[in-house]
Amino acid sequence: MGVLRSVVLAGGGTGGHIYPLLAFADCLRRHDADVRITCVGTPKGLENELIPPQGYDLRQIPAYQLPRSVNMNLLRTPDRMWRSARAAGKVIDDVKADAVVGFGGYVSVPAYLAAWRRELPIVIHEVNVPPGVANRMGMKFTKHLAVGFPHQPVQSEALRKARVVGVPLRRSITTLDRAAARDAARAHFGLRPDLPVLFVSGGSQGARSINLAVTGAAKELARAGVQVLHVIGARNEPVSPPSDLPVPYVTLPYLSEMELGYAAADLMLARGGAMTCAEVAAIGLPTVYVPYPHSNQEQKRNALPVVEAGGGLLVDDGELSPDWIERTVIPLARDPQRLAAMGAAAAAYGRRDGDEALLDFVYEAVASQ
């Protein structure tokens with residue numbers, strides 16, 4: 001086992017990069033209370049809201065969006081990247097880091113560069129196909145590549161030799177016993193204990209189509225005795241279900257404790273972000289996936305394997321409508337046997353040990369350097 005006294009964790013911009021980083025940091029700390037953990041981020045990224053409250057040291061370095069095409073920004077990139085890498089190098093030297101573990105986002109690139117110049121072990125964790133542009137650059141500097149899902153090495157030549165470790169998830173999720181937590185979670189949201197619950201969350205962006213479809217079906221859902229817990233997304237316009245429904249329809253702008261929503265739910269309707277797919281599969285929550293349509297279809301690629309394993313349904317964003325929910329979601333939400341079978345299939349596909357498996361991989365990488 002390699003010696004790991006100080007580790008720099010790089011990842012930022014979106015929750016998809018930051019949540020696995022935090023889960024991995026927690027795992028490191030559980031195994032070694034004395035290990036020094038330093039996170040690098042950018043001044044503007046979401047990491048500033050998420051990392052310091054968890055008690056981890058966050059150092060800011062300048063990071064620039066990497067151009068995807070040849071333009072004037074590309075000509076300026078080497079100079080900018082050099083400045084960023086120099087700042088990352090100062091952090092690495094200051095904390096005497098033994099390794100850099102990167103989770104993607106533009107801030108990872110200067111950290112990878114600085115570690116490479118110092119011949120430090122670099123471990124990259126990637127959850128998407130195709131891999132993000134920052135991690136693609138990082139792959140030029142290391143062979144220590146870990147991925148979250150079994151489909152990734154199959155679908156991407158760049159990830160063909162990667163180790164499948166799973167996705168590091170928060171302990172509040174990996175230790176969740178949905179059945180045991182159900183009644184308390186429903187009481188928390190003001191939901192009834194005796195009727196099925198559909199949990200709806202489209203993530204922080206791009207959920208308008210989901211919001212409109214579900215609120216449009218609110219009367220039929222209520223008539224069928226299906227309660228709804230609906231996270232609208234803080235960046236979306238508020239949508240209001242009818243006020244005179246016979247069963248609860250609870251709306252929230254945002255939910256930081258997703259595990260409470262998962263515990264309350266019998267069925268979820270969600271996008272297909274990598275973190276969502278990893279979390280709901282790990283806890284065995286049957287899910288109707290509505291992949292975000294305007295990307296490179298990565299959300300569809302994330303959701304398809306768990307759907308093919310029997311753990312959920314997949315519907316294109318353009319097909320999602322109140323009518324589709326009435327025809328498809330209501331009968332499913334009212335079928336406990338089908339939900340139980342779906343949940344078991346999701347749990348068999350998912351894994352709860354991504355943090356531990358990644359830590360083993362990092363120890364290996366440090367030992368082999």
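In this text, all values refer to a predicted model and were calculated from it rather than measured experimentally.

**Student:** Where do I start with the overall build of the protein chain in this structure?
**Tutor:** The helix and strand tally for the protein chain stands at 16 helices and 13 strands. For 369 residues, the compact-globule estimate of 2.2 N^0.38 gives 21 Å, and the protein chain sits close to it at 21 Å. Taken along the three principal axes of its C-alpha coordinates, the protein chain extends 65 × 45 × 35 Å. Looking at the protein chain residue by residue over its 369 residues, the buried ones come to 56%. Between the averaged position of the 39 positive side-chain charges in the protein chain and that of its 36 negative side-chain charges there is a distance of 6 Å.

**Student:** I'm lost on unusual backbone geometry in this one. Help?
**Tutor:** Note on backbone geometry: most residues besides glycine have negative phi, and most peptide bonds are trans. Looking along the chain, the bond that leaves Val-129 and enters Pro-130 is cis, with omega of -5°. Among the secondary structure elements, Pro-130 is positioned in the loop between strand 5 (122-126) and helix 5 (133-138). A positive phi angle, close to 55°, is found at Glu-119, a residue other than glycine. With respect to the secondary-structure elements, Glu-119 resides in the loop between helix 4 (108-117) and strand 5.

**Student:** I keep staring at the sheet that holds strand 11 (residues 267-270) and nothing clicks. Help me out?
**Tutor:** Through backbone hydrogen bonds, the strands of a sheet pair up, either in parallel or in antiparallel fashion. Pairing within the open sheet is parallel, and its 6 strands lie in the order 10-9-8-11-12-13. Taken across any chain shown, the strands that pair with only one partner, and hence form the sheet edges, are strand 10 (249-252) and strand 13 (312-314). Each adjacent strand pair in this sheet contributes to an overall mean axis angle of 15°, direction not counted. Alignment of strand 8 (residues 197-201) against strand 9 (residues 227-231), held across 5 bridges, turns out to be parallel. In the sheet register, Val-200 faces strand 9, and the bridge partner there is His-230. Against the sheet, helix 14 (residues 322-333) contacts strand 8, strand 11, strand 12 (287-289) and strand 13, and its axis sits at roughly 150° relative to strand 11.

**Student:** Looking at this model, I keep getting lost on the sheet that holds strand 3 (residues 57-60). Mind explaining?
**Tutor:** The 7 strands lie next to each other as 3-2-1-4-5-6-7, forming an open sheet whose pairing is parallel. The open sheet terminates on both sides in strands that have one partner only, identified here as strand 3 and strand 7 (163-164). Note: strand 4 (residues 99-102) against strand 5, 3 bridges, orientation parallel. Bridged to Gly-102 within strand 5 is Ile-124. Packing against the sheet, helix 1 (residues 15-31) makes contact with strand 1 (6-10), strand 2 (36-41) and strand 4, and its axis sits at approximately 170° to strand 1.

**Student:** Could you clarify how one ought to interpret helix 8 (residues 178-189) in this entry?
**Tutor:** Because the α-helix completes a turn every 3.6 residues, residues three or four places apart line up on one side. All of the buried residues in helix 8 are Arg-178, Ala-185, Arg-186 and Phe-189. The buried residues of helix 8 occupy one face: seen down the axis, they fall within an arc of 100°. Across helix 8 from its buried face, at more than 90 degrees, point the exposed residues Ala-180, Asp-183, Ala-184 and Ala-187. Its buried side turned inward, helix 8 meets strand 8, strand 9, strand 10 and helix 11 (258-264). Looking one or two places after helix 8, you find Gly-190, whose phi comes out positive at around 75°.

**Student:** Looking at this structure, I do not really get the environment of Val-7. What am I missing?
**Tutor:** Examined against the element boundaries, Val-7 turns out to sit in strand 1. Val-7 sits in the buried class, given a relative accessible area of 0%. Separated by 248 residues in the primary sequence, Val-7 and Leu-255 place their C-alpha atoms 30 Å from one another. Contacts of Val-7, omitting those with residues within four sequence positions, involve Leu-28, Val-35, Arg-36, Ile-37, Thr-38, Ala-99 and Val-101.

**Student:** What should I look at first to understand the pairing of strand 8 in this one?
**Tutor:** Both faces of the sheet carry side chains from a regular strand, because those side chains alternate between them. The buried fraction of strand 8 is high, at 5 of 5 residues. Burial of the side chains of strand 8 extends over both faces: Val-197, Phe-199 and Ser-201 are buried on one face and Leu-198 and Val-200 on the other.

**Student:** Would you explain the packing of aromatic side chains in this entry?
**Tutor:** Each aromatic ring pair is characterised by the separation of its centres together with the angle its planes make. Tallying each qualifying case throughout the model produces 3 aromatic pairs. Ring plane angle 50° and centroid distance 6.1 Å describe the contact between Phe-24 and Phe-103, whose orientation is recorded as tilted. Here Phe-103 lies in the loop between strand 4 and helix 4 and Phe-24 lies in helix 1, a separation of 79 residues in the sequence. When the ring of Trp-116 is compared with that of Phe-141, the centres are 4.9 Å apart and the planes differ by 35°; the resulting orientation is tilted. Of the two residues, Trp-116 is situated in helix 4 and Phe-141 in the loop between helix 5 and strand 6 (145-147); the sequence distance between them amounts to 25 residues. The exposure class assigned to Phe-141 is partly exposed, which follows from its relative accessible area of 21%. Just above the ring of Tyr-19 sits the side chain of Arg-170; from NZ or CZ to the centre is 4.8 Å.

**Student:** Explain the pattern of salt bridges here, please?
**Tutor:** A side chain of one charge can pair with a side chain of the opposite charge when the charged atoms of the two come close. All chains considered together, the criterion is met by 16 salt bridges. Between Glu-157 and Arg-160 there is a salt bridge, and its shortest N-O distance comes to 2.8 Å. Note on Glu-157: relative accessible area 58%, which makes it exposed. Across the pair Arg-186 and Asp-266 runs a salt bridge whose closest N-O atoms are separated by 2.6 Å. Note that Arg-186 is positioned in helix 8 and Asp-266 in the loop between helix 11 and strand 11, a separation of 80 residues in sequence. According to the relative accessible area criterion, Asp-266 is buried, its value standing at 18%.

**Student:** Is there a simple way to think about the packing of helix 1 against helix 16 (residues 354-368) in this case?
**Tutor:** Each pair of packed helices can be described by the angle between their axes along with the distance between the axes. Where helix 1 meets helix 16, the axes come as close as 9 Å, and the angle between the chain directions of the two elements is 70°. Comparing the axis directions of helix 1 and helix 16 gives the class roughly perpendicular. For the pair helix 1 and helix 16, the contacting residues are Ala-23, Phe-24, Cys-27, Leu-28, Arg-30 and His-31 in the first and Asp-355, Glu-356, Leu-358, Leu-359, Val-362 and Tyr-363 in the second. In the contact of helix 1 with helix 16, the residues fall into 8 nonpolar, 1 polar and 3 charged.

Calculation rules
- Residues numbered from 1 in each chain as written.
- Predicted model: local features only at pLDDT ≥ 70, side-chain atom pairs only at ≥ 80, totals over all residues.
- Heavy atoms only, no water.
- Helix = DSSP H or I, 4+ residues; strand = E, 2+ residues; numbered from the N terminus.
- Rg over C-alpha atoms; globule rule 2.2 N^0.38 Å.
- Buried < 20%, exposed > 50% of the residue type's maximum accessible area, 1.4 Å probe, protein only.
- Lys, Arg positive; Asp, Glu negative; His and termini not counted.
- Charge placed at Lys NZ, Arg CZ, Asp CG, Glu CD.
- Pairing = 2+ DSSP bridges.
- Axes fitted to C-alpha atoms, helices over the stretch in contact; angles between N-to-C directions.
- Contact = heavy atoms within 4.5 Å.
- Arc of directions from axis to C-beta.
- Phe/Tyr/Trp six-rings, centres within 6.5 Å; stacked < 30°, edge-to-face > 60°.
- Lys NZ or Arg CZ within 6 Å of the ring centre and 35° of its normal.
- Salt bridge = Lys/Arg side-chain N within 4 Å of Asp/Glu carboxyl O.
- Parallel < 35°, antiparallel > 145°, perpendicular 65-115°, else oblique.
- Nonpolar A, V, L, I, M, F, W, Y, C, P; charged D, E, K, R; others polar.

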